[in-house]
Every structure is written in structure tokens, then in C-alpha cells.
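Report on the structure
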Amino acid sequence: MKDEAWQLRETKAVFEELVAARPDLPVLLVHNLDTLVSAHLPGAGTQTFDPPIAPDAEDIDTWRSWVRS
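Keep in mind that this is a model prediction, so the values were computed, not measured.

It is worth spelling out the side chain of Thr35 at this point. Tracing the backbone through its elements, the reader meets Thr35 in strand β2 (residues 35-41). A distance of 2.9 Å separates the side chain of Thr35 from the side chain of Asp34, its partner in a polar contact. Those residues in contact with Thr35, other than ones at most four positions away along the chain, are Leu29, Val30, Pro52, Ile53 and Pro55.

Turning to a nonpolar patch on the surface, a few remarks are in order. A surface patch of nonpolar side chains, about 310 Å² in accessible area, is lined by Leu28, Val30 and Leu33. Position of Val30 among the secondary structure elements: in strand β1 (residues 27-31). A relative accessible area of 36% places Val30 in the partly exposed class.

Spatial strand order, β1-β2-β3: three strands in an open sheet with antiparallel pairing. In this open sheet, the two strands that pair with only one neighbour each are β1 and β3 (45-53). The sheet shows a mean angle of 10° between the axes of neighbouring strands, taken without regard to direction. Examined bridge by bridge, β1 and β2 share five bridges and lie antiparallel to one another.

This paragraph deals with the nonpolar core. The biggest cluster of nonpolar side chains holds seven residues, and these are Leu36, Ala39, Leu41, Phe49, Ile53, Trp63 and Trp66. Apart from residues lying up to four places away in sequence, Ala39 is in contact with Phe15, Val27, Leu28, Gly45, Thr46, Gln47, Phe49 and Trp66. Phe15, Val27, Leu29 and Val37 belong to the second largest nonpolar core, which has five residues in total.

Okay, the pattern of salt bridges next. Counting across every chain of the model gives one salt bridge. The salt bridge involving Asp24 is made with Arg22; its shortest N-O contact spans 2.7 Å. Classification of Asp24 by relative accessible area gives partly exposed; the value is 44%. Judged by its relative accessible area of 41%, Arg22 is partly exposed.

Rules used in this analysis
Residues numbered from 1 in each chain as written. Predicted model: local features only at pLDDT ≥ 70, side-chain atom pairs only at ≥ 80, totals over all residues. Heavy atoms only, no water. Helix = DSSP H or I, 4+ residues; strand = E, 2+ residues; numbered from the N terminus. Polar contact = N/O pair within 3.5 Å; in protein donor to acceptor, adjacent residues only side chain to side chain. Contact = heavy atoms within 4.5 Å. Patch = residues over 30% accessible without salt bridge, like charges linked within 9 Å, V, L, I, M, F, W, Y side chains within 5 Å. Areas by Shrake-Rupley, 256 points an atom, 1.4 Å probe, with all protein chains shown as cover. Salt bridge = Lys/Arg side-chain N within 4 Å of Asp/Glu carboxyl O. Buried < 20%, exposed > 50% of the residue type's maximum accessible area, 1.4 Å probe, protein only. Pairing = 2+ DSSP bridges. Axes fitted to C-alpha atoms, helices over the stretch in contact; angles between N-to-C directions. Core = buried A, V, L, I, M, F, W, Y, C linked by side-chain atoms within 4.5 Å.

Right under this line is the structure:
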């Protein structure tokens with residue numbers, strides 16, 4: 001049985017470990033490919049989107065500054 005809440009807790013912990021180990025790298029935490037939960041951008045810090053947003057065009061104004069292209 002899939003436990004979505006447990007899975008999200010675990011992925012958040014991995015995200016935090018990655019950011020702590022390599023703060024020089026940009027990192028995104030995306031849940032189920034349809035929800036952008038958090039973003040880390042070197043020099044800007046870490047942003048948790050509350051409520052989480054879509055990583056798609058409809059929310060681009062919210063997340064654009066947290067992503068390097």
C-alpha cells in the first residue's frame with residue numbers, strides 16, 4: 001500500500017540532506033511530477049511553496065525566480 005504522506009516526508013528529508021551537502025547546486029523537490037514543493041537556488045536560499053504549486057506554466061510567475069535555465 002502506498003502511503004503518500006510518508007513518501008513526502010521521506011523525500012523532504014532527502015531534499016534537505018542534498019541541500020545541506022551541496023548548497024552550491026540548484027535542487028527541486030517535485031511530488032508526483034505535478035506538484036513543486038520546494039526549490040533551492042545557490043545564492044538565493046531555499047523556498048518551500050505553501051501551498052505547493054504546479055511546476056507547469058500556470059504557476060511560472062511563482063517559481064521562475066527559483067529556477068536557472
